Amino acid sequence: MHFESINEIIDFAIQKEQEAVDFYLAASREESMSGSKEMLIEFSEEEKKHKRMLEELKVKGYAEGVEDYQFKWIKDIKRSDYMDDMVYKPGMGYRDILIVAIKREENALKLYNKLLAEAKSENAKAIFKILCQEEARHKLGLETLYDDHMAEMGD
């Protein structure tokens, strides 16, 4: 992929976050179990936060937006490395919904890492680093939920 400007990068990322919001909201409408429905809505809210962050970055301007961002290392516990991709189906169990969400975050992180490696300008690299960190943070949170759930199940 080739981007002509920082705004094109941000617009691309906003579109990806909106796709995730739409996915989780559509899935929540298909669920009959209130717990699964609520969890999917919560996932959509997390994606909306990412989208708002990107929209603010675009409004503030690249320099101010990146300057305010706090970069920090996000640990990769690599649970997703041992999971197969799954396609969402209405009525999936909690564990499987978590796997779908974890794999979606993993794929987003891989995409942004690939784009980071291909980026030519330092500004573009900074944007992709932010996106990588946000996806890594979300992935870690979901993997932690998964670990907690599996521990409760005795695994």
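For the structure itself, look to the data block above.
Residues numbered from 1 in each chain as written. Predicted model: local features only at pLDDT ≥ 70, side-chain atom pairs only at ≥ 80, totals over all residues. Heavy atoms only, no water.

(A) Structural context of the overall build of the chain. A tally of helices and strands in the chain yields five helices and zero strands. Here the chain holds 155 residues, and the buried ones make up 43% of them. Taking the contacts inside the chain whose residues are at least 6 apart along the sequence as the reference set, 72% of them involve residues at least 24 apart. For the chain, the exposed surface amounts to about 8900 Å²; the carbon and sulfur share of it is 52%. Once the 24 positive and 34 negative side-chain charges of the chain are each reduced to a mean point, those two points are 2 Å apart. (Helix = DSSP H or I, 4+ residues; strand = E, 2+ residues; numbered from the N terminus. Buried < 20%, exposed > 50% of the residue type's maximum accessible area, 1.4 Å probe, protein only. Contact = heavy atoms within 4.5 Å. Areas by Shrake-Rupley, 256 points an atom, 1.4 Å probe, with all protein chains shown as cover. Lys, Arg positive; Asp, Glu negative; His and termini not counted. Charge placed at Lys NZ, Arg CZ, Asp CG, Glu CD.)

(B) Structural context of helix H1 (residues 6-30). Its 25 residues place the ends of H1 37 Å apart at the C-alpha level, agreeing with the 36 Å of an ideal helix rising 1.5 Å per residue. Listed as buried for H1 are Ile6, Ile9, Ile10, Phe12, Ala13, Ile14, Glu17, Ala20, Val21, Tyr24, Ala27 and Ser28. Along its buried surface, H1 packs onto helix H2 (34-60), helix H3 (62-68), helix H4 (94-118) and helix H5 (122-152). (Expected span 1.5 Å × (residues − 1).)

(C) The arrangement of the packing of aromatic side chains in detail. One pass over the full model with this rule turns up six aromatic pairs. Plain terms: the ring middles of Phe3 and Phe128 are 6.1 Å apart, the flat faces sit at 50 degrees to each other, and that makes the pair tilted. Linking Phe3 in the segment before H1 with Phe128 in helix H5, this pair joins segments that are 125 residues apart in sequence. As far as burial versus exposure is concerned, Phe3 and Phe128 are alike and both buried. Each ring, one from Tyr69 and one from Phe71, has its centre 5.0 Å from the other, and the planes form 70 degrees; the classification is edge-to-face. Overall, Tyr69 belongs to the buried group, its relative accessible area being 14%. Overall, Phe71 belongs to the partly exposed group, its relative accessible area being 42%. Within the aromatic cluster, the residues linked to one another by ring pairs are Phe23, Tyr24, Phe43 and Tyr88. (Phe/Tyr/Trp six-rings, centres within 6.5 Å; stacked < 30°, edge-to-face > 60°.)

(D) Representation of the packing of H2 against H5 in the model. Relative orientation of the contacting elements H2 and H5 amounts to 165 degrees, with a least axis distance of 12 Å. Viewed along their axes, H2 and H5 adopt a mutual orientation that is roughly antiparallel. Every pair of crossing elements has a handedness; the one defined by H2 and H5 is right-handed. Between H2 and H5, the residues in contact are Phe43, Glu46, Glu47, His50, Met53, Leu54 and Leu57 and Ile127, Ile130, Leu131, Glu134, Glu135, His138 and Leu142, respectively. In terms of residue class, the contact of H2 with H5 is made up of eight nonpolar, two polar and four charged. (Axes fitted to C-alpha atoms, helices over the stretch in contact; angles between N-to-C directions. Parallel < 35°, antiparallel > 145°, perpendicular 65-115°, else oblique. Left-handed = near helix turned anticlockwise from the far one by under 90°. Nonpolar A, V, L, I, M, F, W, Y, C, P; charged D, E, K, R; others polar.)

(E) Quick peek at the packing of H1 against H2. The contact between H1 and H2 brings their axes to 8 Å, and the two run at 165 degrees. Taken together, the axes of H1 and H2 lie roughly antiparallel to each other. Where H1 crosses over H2, the handedness of that crossing is left-handed. Its residues assigned to classes, the contact of H1 with H2 shows 13 nonpolar, five polar and nine charged.

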